[in-house]
Structures are given as C-alpha cells and as structure tokens.
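# Notes for the structure review
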Amino acid sequence: MAAQPAPPVTQQVGRARGCGERPEPGELREASRCLVQDGDGRSIPFKALYGEQKAIVLFVRNFLCYTCKEYVEDLAKVPQSFLQEANVRLIVIGQSSYHHIKPFCNLTGYTHEMYVDPQREIYKTLGMKRGEGNNVSVRSPHVKSNALLGSIRSMWRAMTGPAFDFQGDPAQQGGALILGPGNEVHFVHLDKNRLDHVPINTVLQLAGVKTINFTNQPQIIDI
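Attention here is on the structure that accompanies the text. (Residues numbered from 1 in each chain as written. Predicted model: local features only at pLDDT ≥ 70, side-chain atom pairs only at ≥ 80, totals over all residues. Heavy atoms only, no water.)

## Notes on the nonpolar core
- Ranked by internal contacts, the top residues of the largest apolar core, which has 34 residues, are Ile56, Phe63, Val72, Leu75, Leu90, Tyr110 and Met114.
- Elements represented by at least two residues in this core include exactly strand E3 (54-59), helix H2 (66-75), helix H3 (80-86), strand E4 (88-94), helix H4 (101-108), strand E5 (113-116), strand E6 (175-179) and helix H7 (200-206).
- If we ignore the near neighbours within four places in the chain, the residues touching tyrosine 110 are Val72, Leu75, Ala76, Leu90, Ile91, Val92 and Cys105.
- If you look at the next biggest cluster of nonpolar residues, it comprises 21 residues, including Leu28, Ala31, Val57 and Tyr123. (Core = buried A, V, L, I, M, F, W, Y, C linked by side-chain atoms within 4.5 Å. Buried < 20%, exposed > 50% of the residue type's maximum accessible area, 1.4 Å probe, protein only. Helix = DSSP H or I, 4+ residues; strand = E, 2+ residues; numbered from the N terminus. Contact = heavy atoms within 4.5 Å.)

Structure follows, in structure tokens:
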C-alpha cells in the first residue's frame, strides 16, 4: 500500500548515515563517459541513464551478496506507475558480467532497469569504497537474514550456479545517487559496509516518488 506522496527534495540532506560529498564536476564528468552494459551486453554511456530525466541510481555490491539480493527484492516492490507519475527512473548497477543480470532479475522479481559496470570504473571514479567500515551498528531495514544464514545461502548460490564466481568483487561496496536531468546531483550516499543501504523510502521521497509500505501491514489512515 502506498504512503502519502511527499514533495521532492532537491538538496543534499546533511551527511548523516554516510552521505558523502557531492562528486566534483570532473569526477561526474569522467564517470558520465564510462560505459555500462545491459542484460544483452549492449554498452551505453553512464550519462544516458540520467541525462534527460531524473534517476535514482543504486550501486550494489555483488549479485551473490545476500544483502544485495534482499535489498533488490524490496526495490522490486516499487510500482512502475509511481515512477512514471514522478517522471523518475529507478536503476540498479552491479559489477558482474552482464550475463548475470537476467538471472538476478528473475531471482529477485526486479523488473526495473539494471546494468553492470564490470570493471568497476564508475565505482572507482565516484569514490565507492572497498572493504567493510568500522561502523558495525548500521543495519539495513531491507535485510532480513542474519550474517550466517545469509552467507550460507550466498555460497550455495555460487556453488549451484552455472559458473562458480562471486558475480563481482566481494569487497566492493555500493552507494546511492539521485542524478539528472543533465549534470544535476540531488543526493549522494556511499555505503560504509554491506548493511549501510539508504532506506528505499528515503531515496523515493528525495526523488519526489510516492513511498511504499514495506511492512505488509495495513496502514491506518485518518479521515
């Protein structure tokens, strides 16, 4: 069930929860020229994803990571109609081979846009970190599994998949950006560790998109 629509926020909201400095113009310009690949292996410039339209761009760790899987499963619940109403694109970028995009979308039920940056050029240019940060208290509201069970499931998927690989650098962290149109940078968050996701409703609200009830419980509406 949708929550009440929120007005768009067009400014960086502090640096809480690891919100980073906005990329320098040169960094974003360099990243904009990097290529991403779609599920069929077609290459397009990164800037084509946000040049003409505002976009929520979510960089994830690796497709085998249980935290990434559970986060994207919740992203799949965002109705396309909400995005169309706000004229916003929702984009996930991973760092595996493009061959893993369609199986991962099937696994998670995600039907919005997904691309990969196999050489991690955009990750590096925008300063996304490798390794786990020291802040272990951060907890993603979208991750349901504990570390032990989640890691076992990730390893099982690696062992039973068509190719035994980690579908990306296991140490690479992700981040969230709201970009466009043009060179506008509305919001930046660089993950400190695998659980340091920006809540999905936060990025939806910041982009002017209606928020979602992820609790699967009925909402009480005052009338």
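Once you've had a look at it, read on.
## Here's the deal with the packing of aromatic side chains
- Here the structure, examined in full by the defined rule, presents four aromatic pairs.
- Relative to tyrosine 123, the ring of phenylalanine 59 lies with its centre 5.1 Å away and its plane at 80°, an arrangement referred to as edge-to-face. Of this pair, phenylalanine 59 sits in strand E3 while tyrosine 123 sits in helix H5 (residues 121-125), placing them 64 residues apart in sequence. You'll find phenylalanine 59 and tyrosine 123 in the same group, each marked buried.
- Taking 4.4 Å as the distance between ring centres and 10° as the angle between the ring planes, the aromatic pair formed by phenylalanine 63 and phenylalanine 104 counts as stacked. Here the residue phenylalanine 63 occupies a position in the loop between E3 and H2, and phenylalanine 104 occupies one in helix H4, the gap between them amounting to 41 residues.
- Cation over ring: lysine 210 sits above phenylalanine 82, and NZ or CZ is 5.3 Å from the ring centre. (Phe/Tyr/Trp six-rings, centres within 6.5 Å; stacked < 30°, edge-to-face > 60°. Lys NZ or Arg CZ within 6 Å of the ring centre and 35° of its normal.)

## Description of the pairing of strand E7 (residues 185-190)
- In terms of burial, E7 is largely enclosed, as five of its six residues are buried.
- When E6 meets E7, the two strands line up antiparallel, connected through five bridges. By the bridge assignment, isoleucine 178 is partnered in E7 with phenylalanine 187.
- Between the end of E6 and the start of E7, which pair antiparallel, lie five residues, with glycine 180 showing a positive phi angle near 85°. (Pairing = 2+ DSSP bridges.)

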